[in-house]
Every structure is written in structure tokens, then in C-alpha cells.
Amino acid sequence: LRLGWDDKITTYLPLESFLPAVGQGALAIEARDDDLRVGEMIKIINHRPTWQAVTAERSFLHAVEGGCRAPVAALATVHAGMIEIQAMVADREGSQIIRVSYQGNAVSPQQAGQNLAHSMLEAGAASLIKDTRCR
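Computed from a prediction, not measured in an experiment: that's the story for all the values here. (Residues numbered from 1 in each chain as written. Predicted model: local features only at pLDDT ≥ 70, side-chain atom pairs only at ≥ 80, totals over all residues. Heavy atoms only, no water.)

**Remarks on the pairing of strand β2 (residues 82–90)**
Inspection of the sheet shows strand β1 (residues 72–79) paired to β2 by eight bridges, in the antiparallel sense. Counterpart to V72 in the pairing with β2 is V89. Turn length for the β1-β2 hairpin, with the two strands adjacent in sequence and antiparallel, is two residues, and the turn residue A80 shows positive phi of about 50°. As paired elements, β2 and strand β3 (residues 97–105) share nine bridges and run antiparallel to each other. What sits directly across from I85, in β3, is Y102. Hairpin geometry of β2 and β3 is characterised by an intervening segment of six residues between the two adjacent antiparallel strands and by a positive phi of about 80° at G94. (Pairing = 2+ DSSP bridges. Helix = DSSP H or I, 4+ residues; strand = E, 2+ residues; numbered from the N terminus.)

Shown next, in the form of C-alpha cells:
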């Protein structure tokens, strides 16, 4: 849509069936910690809701110990100061799938991701991804 190619869209993938990978579509700029000039420049272009969403998603992924081969997906959205995160973990074959969601204050995106991970692990996610961790 942003590119003006909406006439080329043949299907919209519903989130109920196609939850994206953690951080999917987010852009990042990396800079040295000690480069204050560059740090100030990139603060200007930081989109806080996107930063909050990606932070929550990455916090979730880290807390469930999802790795490079784990079938783990999450999508966070921020509206009116609240963050909502949907997540999915599956076994390797895709025959068992666990989905959970969480809503919280967007001021604490890392905590929101950890809370979601806690719910996911309570639902049995660790047993589904135990054989998919990177070595």
C-alpha cells in the first residue's frame, strides 16, 4: 500500500493463520555507543511505537528461548499507550500450536514481552521448541 501497488495485492494473509516472525518488517540503525552525534541524529527518526513493539517481541522471543530454527512468531501493536502482543509457538511439524496474547502498558514493552512469554511457557511452549534451539 505504501508503494502504491495495491492493485498487485491478490490476498491479505489473516493474522489468525499467518502471524509474522519477531521483528518482521522493522528497520534498524546501528551506531557505536560512544558516538553521541550519531546517537542524537538517529533519535530524531526513531518511531517510538515501532520501537516499543519490536522491544516487546524480542523480549518475548528471548524469554521463551526461541532460536534461529524455532517456529515462534509474535506481533505487537501499540495504540493509545497500550501494547497488545499476539504470539504463536509450534512444534517442528506444525501439528501442535499454542497461541497466546497479552495487553499491557506500552511504557514497559520489555515487561510486556516477558509477561507474554510466561503465559506461553505455562501453556507448554518449552516442550514444543526444545529440539529447535541453535547450537
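**A few points about the confidence of the model for the protein chain**
Any residue range with low pLDDT should be treated as having predicted coordinates unsuitable for detailed reading. Taken as a whole, the protein chain shows an average pLDDT of 90; of its residues, 96% reach a score of 70 or greater. Averaged over each element, pLDDT in the protein chain is lowest for helix α4 (residues 125–129) (86) and highest for helix α3 (residues 109–122) (96). (pLDDT = per-residue confidence, 0-100.)

**Considerations on a nonpolar patch on the surface**
A cluster of nonpolar residues, L1, I9 and Y12, forms a patch on the protein surface that exposes about 350 Å² of accessible area. Using a relative accessible area of 30% as the deciding quantity, one classes I9 as partly exposed. (Patch = residues over 30% accessible without salt bridge, like charges linked within 9 Å, V, L, I, M, F, W, Y side chains within 5 Å. Areas by Shrake-Rupley, 256 points an atom, 1.4 Å probe, with all protein chains shown as cover. Salt bridge = Lys/Arg side-chain N within 4 Å of Asp/Glu carboxyl O. Buried < 20%, exposed > 50% of the residue type's maximum accessible area, 1.4 Å probe, protein only.)

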